[in-house]
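Letter by letter, the chains look like this.
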Amino acid sequence: MKKTLAAVAVLGAFAGSAMAADVTLYGKIDLGLQYQNIENSGYTSGNDSDSWGLKSGSNSGSRFGIKGTEQIADGLTVGFQLEQGINADAGTFSDDDRAFNRESRLFVQTNYGEFGFGRMGTLDSGLGSYDIFGGDAGVFGTGWGSTIGADTAIFRGMGTRLDNMITYKSPSFAGMTVYGQVSLGTDSKAMYNDGAKGEGSSDVNRYYSLGVTGEWGAASGALVVSSTDYNRYMANDTTEDNSFVVSAYGAYDFGVVKTTLGVQYYDNMVQANVTGWDVDTEKYTKPTLTKGYGVMLGATAPIASGTLYASVGYADYEDCAENTTLGAKQEYDAWQVGIGYQYPLSKRTYVYAAAGYTQSSMDKYNATQDDQKVTEVVAGMVHNF
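Residues numbered from 1 in each chain as written. Predicted model: local features only at pLDDT ≥ 70, side-chain atom pairs only at ≥ 80, totals over all residues. Heavy atoms only, no water.

Chemist: Please clarify how the overall build of the protein chain should be interpreted in this entry.
Modeler: Scanning the protein chain from N- to C-terminus turns up four helices and 20 strands. A burial count over the protein chain gives 45% of its 385 residues as buried. For the protein chain, contacts bridging at least 24 residues in sequence account for 59% of all contacts bridging at least 6. In the structure as shown, the protein chain presents an accessible area of about 18,600 Å², 56% of it carried by carbon and sulfur atoms. (Helix = DSSP H or I, 4+ residues; strand = E, 2+ residues; numbered from the N terminus. Buried < 20%, exposed > 50% of the residue type's maximum accessible area, 1.4 Å probe, protein only. Contact = heavy atoms within 4.5 Å. Areas by Shrake-Rupley, 256 points an atom, 1.4 Å probe, with all protein chains shown as cover.)

Structure, rendered in structure tokens:
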């Protein structure tokens, strides 16, 4: 509640000074219906579910934010952006422990490029102002609904929003733009073992990445190389200290259809939604690290004043370490297909509908296959302000 009041107070303060600077209040409200069916087999059988209801953010995350710039001199502009995710169906923050959880940055634009500081998405995250891979390599971005066309299900080495980030974006030359990022402490909320030194030390995870984008007429593409230097508590339990991820995509607009091919290879990557932090013992535990690859093929086409989206993807990966009991590595694969349609009602409002199927499998104990099958259908409306 205190964080909510603080955010409202900040918004009020900026609204009161909007006439004195180039300050904008903006946002997005996305509400719709979602149906989801989950079937599990093998060792996870019996955990099936079937649900439907009102959902916020099935097409793109509901949010509000404030941003502004001030030109200090010719070739020198300073700006800021504060953005908070919300659950529009419940009127709550998407993260109760943060104000402006989606983005909180100060940036400086010069003739030699742009520098950004604060909390923001990584180059390979599909999130935020500096993402150059995830939002384009898969035509559905991070997904519609929970799973439809979600590139995070296929590109399992993708990054996320990180704290304490410094980003550089170069001026464009010959159609190309170069990027660099470093996070000196990826999560300021995380607790660390007794004696931890915090940001910039070996007690915290640090992230590094380099990227380049290119646009040459109808063709475009991007390449990102990233690494997470795990903190010493996690590294002591791994065979390698750092993760290594290479992500790339290429796209070509034929006019009647635009096609996109995205690929990713990763090694020593922490499994999605696994932090390695044990909230009971307040110590890091050995995380599950994987290596593998993912491929996604997507297409968009203008149809009846709207846009049709379609994608298919496949992932193949395995644990980096062998199971000490079995003397073998766990192996996984996943594939998905999605189709959707988006139709504009005005410049700021559009409706959408989509359906998708995702199946993931795990070869457990070299005998029984664990399968999860997810079928999902969504439909809703987005209004931008």
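Chemist: Looking at this structure, how should I read the side chain of D151?
Modeler: Checked against the element boundaries, D151 lands in helix α3 (residues 151-154). Buried and without a salt bridge, D151 has R156 as its closest oppositely charged side chain, separated by 11 Å. Ignoring any residue separated from it by four or fewer positions in sequence, one finds D151 in contact with G134, G138, G141, T142, M158 and M296. (Lys, Arg positive; Asp, Glu negative; His and termini not counted. Salt bridge = Lys/Arg side-chain N within 4 Å of Asp/Glu carboxyl O.)

Chemist: It is not clear to me how unusual backbone geometry should be interpreted in this structure. Could you clarify?
Modeler: When glycine is set aside, most residues are seen to have a negative phi, and most peptide bonds are trans. The phi angle at A304 is positive, at roughly 50°, despite the residue not being glycine. With respect to the helices and strands, A304 occurs in the loop between β16 (289-303) and β17 (306-319). Overall, the relative accessible area of 61% leaves A304 in the exposed class. Phi at S305 takes a positive value of approximately 70°, unusual for a residue other than glycine.

Chemist: Teacher, can you tell me more about the pairing of β16 here?
Modeler: The two faces of a sheet get side chains in turn, since along a regular strand they alternate between them. Two elements, strand β13 (residues 258-270) and β16, share eleven bridges in a ladder whose sense is antiparallel. Each residue of the ladder has a partner; that of M269, found in β16, is T290. Relative to β17, β16 runs antiparallel, the two sharing 14 bridges. In the strand pairing of β17, A299 is matched with A310. With antiparallel pairing between neighbouring strands as the criterion, β16 and β17 make up a hairpin whose turn holds two residues, including A304 at a positive phi of roughly 50°. (Pairing = 2+ DSSP bridges.)

Chemist: Help me out: how do you make sense of the packing of aromatic side chains in this one?
Modeler: Where two aromatic rings form a pair, the distance of their centres and the angle of their planes describe that pair. All told, the structure shown has eleven aromatic pairs when counted by the stated rule. One aromatic cluster is present, built from ring pairs that chain together F140, W144, Y309 and Y352. Positioned above the aromatic ring of Y26 is the side chain of K67, whose terminal nitrogen or guanidinium carbon lies 4.8 Å from the ring centre. (Phe/Tyr/Trp six-rings, centres within 6.5 Å; stacked < 30°, edge-to-face > 60°. Lys NZ or Arg CZ within 6 Å of the ring centre and 35° of its normal.)

Chemist: Would you explain the nonpolar core in this entry?
Modeler: A general tendency of soluble globular proteins is for nonpolar side chains to be buried together. Core analysis: the largest hydrophobic core is formed by 27 residues, its most contacted members being L123, F133, F155 and Y249. At the level of elements, β8 (161-169), β11 (219-229), β12 (244-253), β13, β17 and β18 (331-344) are the ones that each hand at least two residues to this core. If one sorts the elements of this core by residue count, β12 sits on top with three residues. Ignoring any residue separated from it by four or fewer positions in sequence, one finds F155 in contact with F133, A137, G262, V263, Q264, G294, V295 and M296. The next biggest cluster of nonpolar side chains, apart from the first, holds ten residues, and it includes V139, W144, Y352 and V378. (Core = buried A, V, L, I, M, F, W, Y, C linked by side-chain atoms within 4.5 Å.)

Chemist: Would you take a moment to explain the pattern of salt bridges for this structure?
Modeler: For side chains bearing opposite charge, pairing can occur when the charged atoms are close. If you walk through the whole model with that rule in mind, you get eight salt bridges. Among the salt bridges present, the one from R119 reaches D163, with a minimum N-O distance of 2.6 Å. One end of the pair, R119, is in strand β7 (residues 113-121); the other, D163, is in strand β8, and 44 residues separate them in sequence. Via salt bridges that share partners, D95, R98, R119, D163 and D187 belong to a single interconnected network.

Chemist: What is the right way to read the environment of Y352 from this model?
Modeler: Along the chain, Y352 turns up in strand β19 (residues 349-364). For the pair formed by Y352 and N59, sequence separation is 293 residues and the distance between their alpha carbons is 7.5 Å. In this structure the side chain of Y352 is engaged in a polar contact, spanning 2.6 Å, whose partner is the side chain of D30. (Polar contact = N/O pair within 3.5 Å; in protein donor to acceptor, adjacent residues only side chain to side chain.)

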